[in-house]
Amino acid sequence: MRKTIFLIAVLCLCFMSPVKAAGFVFNVSTTFEVLDNSSVRATYDVSVTNETAQPTPSSIDLPLVGDAKSISAKYSDGKKISYEVSEQTVTLKANQDNKGLNNTWGFELTYITDNFYDFGKTSLLNVPVLDFGDLNISKHTIILSSDLDLGLGTVRGPEATSSDFVKGKQQFRWVKNGKFNRQVGLWMGDQAVAEVSFTKEIKNSSWWWQKQIVVLPPDNSQQQIIVDSISPTPSSVSLDIDGNIIASYTLRPLQKKTISYKVRALVNNVVYTAGDGDLTDLPEEVQKHTQTTDLWSGGETSIKDSESISKQLSSINTQVIKGKNVEPDYEARKALADKLVGEYRHHGFPARTVLGISRDIGLGIEDEALPHAWVEVYAPSFGWITVDPTLSINGQEFGSNDVTHIAIVIRGVNEDYPPELLSSTSSTYLSEDIVFPEISEANLSATNYVVLPGLSIQRINISIPAGTAIDGTAVSINGLTQKLGSLAPFQKVGINRVGFLKDAFSSLTVTFGIGEGQISNTIAVAQGPSNYMPMIGIIGLISLLSLTYYIFQKYHSKNTSKGKHAVVLTSEDKGEAIEDKNLAKDIEDNK
């Protein structure tokens with residue numbers, strides 16, 4: 001009797017225990033649709049097939065995206081399902097019996113969320129990796145939908161399975177058997193304008209003069225820069241091989257200066273097509289980026305020579321991030337980027353580390369830009385392309401760049417130079433258009449200083465105003481062209497030449513502009529007159545020195561003659577002198 005009672009109790013407990021989702025197969029379709037008020041409606045259509053005869057699961061956990069509001073859950077027949085919300089998970093409390101082997105039933109979950117992000121001129125619908133826990137998912141479909149009025153969409157993440165247009169809306173669809181553990185997104189618009197601000201105090205703690213530098217964001221294939229202001233005015237400004245704008249300051253002993261700048265960056269959403277190419281014919285300016293160093297070294301990855309350049313670059317990135325997790329620590333992300341640079345260089349690909357700021361460091365879209373690091377690798381048929389190994393971990397597909405990335409410093413030749421000051425940098429996305437100034441201004445002056453007859457020193461000064469860097473510049477002096485290369489905003493260039501014979505007396509005609517061999521786009525023209533004041537001064541100085549020397553010599557000669565004047569005695573005088581001498585002797589003897 002006691003055994004019977006015990007068995008009945010056990011059976012009751014079994015039926016009373018919550019039935020979890022084991023033994024059920026889920027077919028999930030998740031749709032994220034941008035609404036008119038820029039919020040997002042998420043809809044989960046779920047079809048469930050019973051693999052056992054046991055009752056419906058008593059609870060089902062589903063992931064939520066963002067700050068979920070207006071949550072609603074119901075069965076396919078319209079009956080409501082109660083739920084509980086805990087952090088980013090909603091737990092549905094099943095209250096309908098759908099038991100039966102191979103029985104198929106379904107439900108729908110809807111809510112309003114905020115995973116639509118404004119980047120000024122462009123916007124992003126972003127869906128992070130959806131964690132369905134231990135649910136047995138046979139197929140997962142993700143649909144992103146937005147109105148065409150928001151701009152033509154560009155996929156962020158893996159390539160969509162299909163896309164189409166439905167009633168003025170664009171839809172992108174991803175379909176995967178099993179769980180879809182990738183982050184996907186949809187950009188509306190292909191460019192954004194970011195205002196980057198920097199404020200930092202620099203200090204010379206030594207007892208001697210010291211040079212310190214501040215780096216302004218560079219131009220590259222992903223962004224174009226307008227320098228609006230920098231204060232105080234630098235001692236000098238220059239561009240390095242990677243396009244960094246280097247502002248130099250000379251500090252007195254124990255001097256402090258607070259440096260600030262504002263630039264605007266036009267950042268692009270870019271999808272690259274690396275294609276094929278030949279690593280044996282690299283441009284001279286990128287060959288230095290293949291050299292390995294202690295930090296940039298590799299050998300832990302392999303590639304197939306038969307594969308295309310694009311597949312080789314993607315394969316190296318995949319091998320480097322294998323088994324890695326997204327790290328919230330900036331230094332860890334920077335180390336991952338340096339590791340990828342070393343592996344690319346090991347296989348002969350030019351690569352460099354980019355240090356910048358981003359609102360996506362692999363943990364979702366942030367409210368503000370944080371320090372981040374990624375890689376640029378040179379594809380022979382395309383140029384420099386962005387590879388972010390951190391975002392690749394969460395599904396950001398190889399071969400794209402988005403407007404969340406703003407490069408501040410590029411290191412391609414030196415492992416730790418230029419210095420990074422990312423913690424002093426902030427950014428704001430603007431809704432206004434950016435208008436790049438026409439390259440039609442430069443302060444140009446020229447003077448031909450005649451120093452001697454037939455000899456002159458010709459001085460040409462070029463000063464670049466605020467605005468953008470100018471590439472491919474040259475200067476023509478009396479028809480002779482000299483290449484200057486790329487010049488930065490606020491950069492000053494001085495050129496000295498020597499003129500001989502006829503050229504020494506000729507005025508200068510100087511043209512500054514853009515061109516190879518000869519100037520095809522003139523920016524500024526200056527006439528340099530001949531300035532004879534140096535020659536007059538030199539001739540006058542020589543004349544003065546000559547006159548001084550002449551007077552000195554004459555005066556010295558006269559004084560010398562007086563000091564050595566001779567007295568000549570006659571024989572009569574000599575006799576009288578002897579007599580006087582004898583007389584003086586006699587007087588002395590008598591005494």
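Residues numbered from 1 in each chain as written. Predicted model: local features only at pLDDT ≥ 70, side-chain atom pairs only at ≥ 80, totals over all residues. Heavy atoms only, no water.

Asker: Even after reading the chapter, I still don't get helix 4 (residues 330-346), so can you show me in this structure?
Answerer: Since one α-helical turn is 3.6 residues long, residues separated by three or four positions face the same way. With 17 residues, helix 4 extends 24 Å between its outermost C-alpha atoms, agreeing within 8% with the 24 Å of an ideal straight helix rising 1.5 Å per residue. Within helix 4, burial applies to Tyr-330, Arg-333, Lys-334, Leu-336, Ala-337, Asp-338, Leu-340, Val-341, Gly-342, Glu-343, Tyr-344 and Arg-345. Gly-348 sits one or two residues past helix 4 and shows a positive phi near 90°. (Helix = DSSP H or I, 4+ residues; strand = E, 2+ residues; numbered from the N terminus. Expected span 1.5 Å × (residues − 1). Buried < 20%, exposed > 50% of the residue type's maximum accessible area, 1.4 Å probe, protein only.)

Asker: I'm lost on the environment of Lys-492 in this one. Help?
Answerer: Position of Lys-492 among the secondary structure elements: in strand 32 (residues 492-500). A residue is classified by how much of its surface remains accessible, and Lys-492, at 64% relative accessible area, is exposed. Measuring from C-alpha to C-alpha, the distance between Lys-492 and Ser-238 comes to 8.3 Å, with 254 residues separating the pair along the chain. Other than its neighbours up to four places away in sequence, Lys-492 contacts Ile-462 and Ser-463. (Contact = heavy atoms within 4.5 Å.)

Asker: Explain a nonpolar patch on the surface here, please?
Answerer: Among the surface-exposed residues, Phe-505, Tyr-532, Met-533 and Ile-536 lie close enough to one another that they form a single nonpolar patch of about 400 Å² accessible area. Within the secondary structure, Ile-536 is located in helix 7 (residues 533-563). (Patch = residues over 30% accessible without salt bridge, like charges linked within 9 Å, V, L, I, M, F, W, Y side chains within 5 Å. Areas by Shrake-Rupley, 256 points an atom, 1.4 Å probe, with all protein chains shown as cover. Salt bridge = Lys/Arg side-chain N within 4 Å of Asp/Glu carboxyl O.)

Asker: Got a minute to help me understand the pairing of strand 13 (residues 169-177) in this structure?
Answerer: Each regular strand carries side chains that alternate between the two faces of the sheet. Relative to strand 13, strand 10 (residues 137-147) runs antiparallel, the two sharing nine bridges. Within strand 13, the position partnered with Lys-139 by the bridge is Asn-177. By the bridge criterion, five bridges tie strand 12 (residues 162-166) to strand 13 in an arrangement that is antiparallel. Bridge assignment links Phe-165 to a residue of strand 13, and that residue is Gln-170. The hairpin turn running from strand 12 into strand 13, its antiparallel successor, is two residues long, and Lys-167 in that turn takes a positive phi close to 50°. (Pairing = 2+ DSSP bridges.)

Asker: Mind showing me how you'd approach the pattern of salt bridges here?
Answerer: Here the structure, examined in full by the defined rule, presents twelve salt bridges. Of the charged contacts, one joins Arg-156 and Asp-402 as a salt bridge, the two residues approaching to 2.9 Å between their closest N and O atoms. In this pair, Arg-156 sits in strand 11 (residues 153-156) while Asp-402 sits in the loop between strand 25 (400-401) and strand 26 (405-411), placing the two residues 246 residues apart along the sequence. Look at Arg-156 and you get buried, because its relative accessible area is 2%.

Asker: Got a minute to help me understand the sheet that holds strand 15 (residues 191-203) in this structure?
Answerer: Working definition: the strands of a sheet are paired by backbone hydrogen bonds and lie parallel or antiparallel to each other. Read from one edge to the other, the open sheet built from four strands follows the order 17-20-15-27, with strand pairing classed as antiparallel. Each edge of the open sheet is held by one strand with a lone partner, namely strand 17 (223-231) and strand 27 (425-430). Within this sheet the neighbouring strands show an average axis-to-axis angle of 20°, counted without direction. Bridge count between strand 15 and strand 27: six bridges; the pairing is antiparallel. Note that in strand 27 the partner of Ala-194 across the bridge is Tyr-429. (Axes fitted to C-alpha atoms, helices over the stretch in contact; angles between N-to-C directions.)

Asker: What should I look at first to understand the packing of helix 3 (residues 309-321) against helix 4 in this one?
Answerer: The relative placement of two packed helices is expressed as an angle between their axes plus a distance between the axes. Interaxial distance between helix 3 and helix 4 falls to 10 Å at its minimum, and their mutual angle equals 135°. When the axis of helix 3 is compared with that of helix 4, the two are oblique. Crossing handedness for the pair helix 3 and helix 4: right-handed. Across from Leu-313, Ile-316, Asn-317 and Val-320 in helix 3, the residues of helix 4 making contact are Leu-336, Lys-339, Leu-340, Glu-343 and Tyr-344. (Parallel < 35°, antiparallel > 145°, perpendicular 65-115°, else oblique. Left-handed = near helix turned anticlockwise from the far one by under 90°.)

Asker: Explanation requested: the pairing of strand 34 (residues 521-528) in the structure shown.
Answerer: Bridge analysis of strand 33 (residues 508-514) against strand 34 gives seven bridges, and the strand direction is antiparallel. Residue pairing across strands places Gly-513 opposite Thr-522, the latter belonging to strand 34. Hairpin connection from strand 33 to strand 34: six residues lie between these consecutive antiparallel strands, with Gly-517 at a positive phi of about 80°.

Asker: Could you clarify how one ought to interpret unusual backbone geometry in this entry?
Answerer: Residues other than glycine predominantly adopt negative phi, and peptide bonds predominantly adopt the trans conformation. Following Ser-231, the chain continues into Pro-232 via a peptide bond in cis, with omega recorded as -10°. Mapped onto the elements of the fold, Pro-232 is located in the loop between strand 17 and strand 18 (236-239). Pro-418 follows Tyr-417 through a cis peptide bond whose omega is 0°. In this structure, Leu-254 takes a positive phi of about 65° despite not being glycine. Within the element layout of this structure, Leu-254 appears in the loop between strand 19 (245-251) and strand 20 (256-268).

Asker: Even after reading the chapter, I still don't get the packing of aromatic side chains, so can you show me in this structure?
Answerer: Each aromatic ring pair is characterised by the separation of its centres together with the angle its planes make. Within this structure, the stated rule accounts for twelve aromatic pairs. For the pair Phe-505 and Tyr-532, a centre-to-centre distance of 6.4 Å together with 25° between the ring planes defines the contact as stacked. In this pair, Phe-505 sits in helix 6 (residues 502-505) while Tyr-532 sits in the loop between strand 35 (530-531) and helix 7, placing the two residues 27 residues apart along the sequence. A residue is classified by how much of its surface remains accessible, and Phe-505, at 36% relative accessible area, is partly exposed. These aromatic residues form a ring-pair network of at least three members: Phe-32, Tyr-44, Tyr-111 and Phe-132. Over the ring of Trp-384 we find Arg-352, and its NZ or CZ is 3.9 Å from the ring centre. The lysine or arginine in question, Arg-359, covers the ring of Phe-119, its NZ or CZ lying 4.6 Å from the ring centre. (Phe/Tyr/Trp six-rings, centres within 6.5 Å; stacked < 30°, edge-to-face > 60°. Lys NZ or Arg CZ within 6 Å of the ring centre and 35° of its normal.)

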